[in-house]
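Read off the chains here:
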Amino acid sequence: MSSDQAINSASSTDIFSSAFMIPNVGAPFIIGLAVGYFAKKMLKVALFMGGAAVVLLFVSEYYGIVSVSEAHLQNAASAATEAAQQSGNFLIDRLSNITSKGVSGAAGFYAGLKMG
């Protein structure tokens, strides 16, 4: 009977068991994967919309409706880049808090970015 207890106690502390791996590694990875995939798709949509806005500005400038300053356009692009970078850093920090190590959530996020 003591050998059964030794086996049961060893399996309860086994870090490679499914009882440990799924909630501590698998779920945060899947959450990170979903967030990374969504972030990349939303970045593509934002770039599409931003590109469409810039093209409309150029067309409007061509027909004399508005005047576009290159300095203002570059400042707007810099501000958008900074906002995207801050958003990405926020997501990585938040995903790192899901698990004690934060590695699986962040790895899932990068995998989702790669897939998206």
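Residues numbered from 1 in each chain as written. Predicted model: local features only at pLDDT ≥ 70, side-chain atom pairs only at ≥ 80, totals over all residues. Heavy atoms only, no water.

1. Considerations on the packing of aromatic side chains
Here is step 1: Under the defined criterion, the tally for this structure stands at two aromatic pairs.
Here is step 2: Where Tyr62 meets Tyr63, the ring centres are 5.1 Å apart and the plane angle is 80°; that geometry is what we call edge-to-face. With respect to burial, Tyr62 and Tyr63 carry one shared label: exposed.
Here is step 3: Note on Phe109 and Tyr110: the rings are 5.9 Å apart at their centroids and 70° apart in plane angle, and the pair reads as edge-to-face. (Phe/Tyr/Trp six-rings, centres within 6.5 Å; stacked < 30°, edge-to-face > 60°. Buried < 20%, exposed > 50% of the residue type's maximum accessible area, 1.4 Å probe, protein only.)

2. A closer look at helix H4 (residues 103-115)
Here is step 1: The end-to-end C-alpha distance of H4 is 18 Å, a good match for the 18 Å that 13 residues give at a rise of 1.5 Å each.
Here is step 2: Ser104, Gly105, Ala106, Gly108, Phe109 and Gly112 are the residues of H4 that are buried. (Helix = DSSP H or I, 4+ residues; strand = E, 2+ residues; numbered from the N terminus. Expected span 1.5 Å × (residues − 1).)

3. Quick notes on the side chain of Ser60
Here is step 1: Of note, Ser60 is situated in helix H2 (residues 18-62).
Here is step 2: Within polar-contact distance, the side chain of Ser60 engages the backbone oxygen of Leu56 at 2.8 Å.
Here is step 3: With near-sequence residues (within four places) excluded, Ser60 lies in contact with Ile65 and Val66. (Polar contact = N/O pair within 3.5 Å; in protein donor to acceptor, adjacent residues only side chain to side chain. Contact = heavy atoms within 4.5 Å.)

4. Thoughts on a nonpolar patch on the surface
Here is step 1: Side chains of Val55, Leu57, Phe58, Val59, Tyr62, Tyr63, Ile65 and Val66 sit close together on the surface and give an oily, nonpolar patch of about 860 Å² of accessible area.
Here is step 2: By the element assignment, Phe58 lies in helix H2.
Here is step 3: For Phe58, a relative accessible area of 42% translates into the label partly exposed. (Patch = residues over 30% accessible without salt bridge, like charges linked within 9 Å, V, L, I, M, F, W, Y side chains within 5 Å. Areas by Shrake-Rupley, 256 points an atom, 1.4 Å probe, with all protein chains shown as cover. Salt bridge = Lys/Arg side-chain N within 4 Å of Asp/Glu carboxyl O.)

5. Some remarks on the confidence of the model for the chain
Close inspection of predicted coordinates is inappropriate for parts of the model with low pLDDT.
Here is step 1: When the pLDDT values of the chain are averaged, the result is 80; 75% of them are 70 or greater.
Here is step 2: By mean pLDDT, the top-scoring element of the chain is helix H3 (residues 70-96) (89), and the lowest-scoring one is helix H1 (residues 2-12) (47).
Here is step 3: Segment residues 1-11 is flagged for pLDDT under 50; beyond a separation of four residues in sequence, or across chains, it makes one contact in the model. (pLDDT = per-residue confidence, 0-100.)

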